[in-house]
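Structural features, examined
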Amino acid sequence: MSIRKKLIAANWKMNLNKDDSTSLINSILSGISSVDPMNKDILICPSFTLLSHVMLLLKGSIINVGAQDCHFAEKGAYTGDISALMLKDLGVSSVILGHSERRLFHKETDLDVCNKVKAAHKSLLKVVLCIGETKEEKDKGLTLSVLKNQLDNSLNCEFNAENTVIAYEPVWAIGTSVTPTTQEIQATHSAIREHIASKDKTTASNIKILYGGSLKASNAKEILSLQDVDGGLIGGASLVADEFLSIINS
Ligand code: PGA
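The structure contained in this document is the topic of the report that follows. (Residues numbered from 1 in each chain as written. Predicted model: local features only at pLDDT ≥ 70, side-chain atom pairs only at ≥ 80, totals over all residues. Heavy atoms only, no water.)

Some thoughts on the layout of surface pockets
- In this model, the largest pocket occupies a volume close to 520 Å³.
- Lining the largest pocket are 20 residues, with F48, Q68, D69, R102 and H106 positioned closest to its centre.
- Here the element with the most residues in the lining of the largest pocket is helix α4 (residues 100–105); it accounts for three residues.
- Of the residues contributing to the lining of the largest pocket, the split by class is seven nonpolar, eight polar and five charged. (1 Å grid on protein atoms, 1.4 Å probe; cavity = no way out; pocket = protein on both sides within 12 Å on 5 of 7 lines; lining within 4 Å. Points joined across faces, edges and corners; volume = space filled by probe spheres on them. Helix = DSSP H or I, 4+ residues; strand = E, 2+ residues; numbered from the N terminus. Nonpolar A, V, L, I, M, F, W, Y, C, P; charged D, E, K, R; others polar.)

This is the structure in structure tokens:
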């Protein structure tokens, strides 16, 4: 059985400015001195405009920096977009792709996400691929089929446990303070792993599957100790130093 190192990832979304992020990062840095980097990875994904600033603040620390999206093309006439190659050039390690807010507000399809995944992998960025069902899909009993489709259609065949992390984020749990039960989370994560195993057993046993959606200090211990949960993708609670530190330490 493989030992998967936990990953605690912060998704700052469209929040914070230079001053806010400086004090948040400083508080996080002073609180994580006791974290053993051998058993936990930490990733912070700020907005594009804060990437350089946050990377400078985190230089020499155990925390990695990621972006929240990238374009599928390497370069070209795409006003306002940022390519994976540009992110790599900046020195970020990872990129979140397929987040439900991108799928919803930017009408990103699985094919769009797949093309972005390919671009990110080509630029040697690690992908945090988000998948998740809506409330309506859950109520119709479609959760697993939705997740399997998203996995099959958003990932290129070259994904593996080194270049990809899966984040299961039920859309209805994001920013709502509502989460699935721990039994539901474990069952869904295990089904995702089984689905990957049907194609590649080694990848399935090594790949990290994060849980995201209203993860906070008060529920982190329970959720993060589930067998098939290898960490968390945290939105709201990652903007509060004490909450984020407590999740890291749980
Ligand atoms: P939340 O967001 O923790 O605020 O629910 C998680 C996410 O969208 O990644």
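After presenting the structure, the write-up continues.
Re the site of the ligand
- The environment of the ligand is made up of 13 residues, and the closest members are K13, H99, E169, G175 and S214.
- A distance of 2.8 Å separates an oxygen atom of the ligand from a polar backbone atom of S214.
- Measuring from an oxygen atom of the ligand, one finds a backbone N or O atom of G236 at 2.8 Å.
- Partitioning the shell around the ligand into residue classes produces four nonpolar, seven polar and two charged. (Near = heavy atom within 4 Å. Polar contact = N/O pair within 3.5 Å; in protein donor to acceptor, adjacent residues only side chain to side chain.)

Points about the packing of aromatic side chains
- For the structure shown, the criterion picks out two aromatic pairs.
- Where F72 meets Y78, the ring centres are 5.9 Å apart and the plane angle is 65°; that geometry is what we call edge-to-face.
- For Y78, a relative accessible area of 37% corresponds to the partly exposed category.
- Ring centres 6.3 Å apart and planes at 65° place the aromatic pair Y168 and Y211 in the edge-to-face group. (Phe/Tyr/Trp six-rings, centres within 6.5 Å; stacked < 30°, edge-to-face > 60°. Buried < 20%, exposed > 50% of the residue type's maximum accessible area, 1.4 Å probe, protein only.)

A closer look at helix α7 (residues 143–154)
- Look at α7: 16 Å from first C-alpha to last across twelve residues, which is about the 16 Å you get at 1.5 Å a residue.
- Of the residues making up α7, those classed as buried are T143, V146, L147, Q150, L151 and S154. When α7 is viewed along its axis, its buried side chains cluster within an angular range of 130° and face the same direction.
- Looking at the packing, one finds that the buried side of α7 touches α4, α5 (110–122), β5 (126–131), α6 (135–139), β6 (164–168) and α8 (182–197). (Expected span 1.5 Å × (residues − 1). Arc of directions from axis to C-beta. Contact = heavy atoms within 4.5 Å.)

Concerning the pairing of strand β4 (residues 94–97)
- Residues of β4 alternate between two faces, with S94 and I96 on one and V95 and L97 on the opposite face, all of them buried.
- Looking at chain direction, strand β3 (residues 63–67) and β4 are connected through two bridges and run parallel. Bridge pairing in β4 places G66 opposite S94.
- Following the chain from β3 across helix α3 (residues 84–90) to the adjacent parallel β4, one finds a crossover that is right-handed.
- Sheet topology note: the β4/β5 ladder contains four bridges and is parallel. If you follow L97 over to β5, its bridge partner there is L129. (Pairing = 2+ DSSP bridges. Right-handed = clockwise from strand over helix to strand, strands pointing away.)

Section: the sheet that holds strand β1 (residues 6–11)
- Sheet architecture is closed into a barrel: eight strands sit in the order β1-β2-β3-β4-β5-β6-β7-β8, paired in parallel fashion. Adjacent strand axes in the sheet meet at a mean angle of 25° when their direction is disregarded.
- Summarising the sheet, β1 and strand β2 (residues 40–45) pair through six bridges and their orientation is parallel. Looking at β2, one finds that A9 is bridged to L43. (Axes fitted to C-alpha atoms, helices over the stretch in contact; angles between N-to-C directions.)

Notes on the nonpolar core
- In terms of nonpolar packing, the biggest core is built from 61 residues, with L129, I166, I192 and F244 touching the most fellow members.
- With five residues, helix α11 (residues 241–249) is the largest single contributor of residues to this core.
- Ignoring anything within four residues of it in the chain, the contact list for F244 reads I8, A10, I28, I42, I44, I234, A237 and S238.
- Within the second largest apolar cluster, eleven residues are counted, among which are L43, V128, C130 and L210. (Core = buried A, V, L, I, M, F, W, Y, C linked by side-chain atoms within 4.5 Å.)

Comments concerning helix α1 (residues 18–31)
- The end-to-end C-alpha separation of α1 is 20 Å, in line with the 20 Å expected for 14 residues at 1.5 Å each.
- Considered for burial, the residues of α1 that qualify are S21, L24, I25 and I28. Each buried residue of α1 sits inside an arc of 95° when the element is viewed along its axis, so together they form one side. Opposite the buried face of α1, by more than 90 degrees, sit the exposed residues D19 and S30.

Limitation: the analysis is restricted to geometry and does not speak to function.
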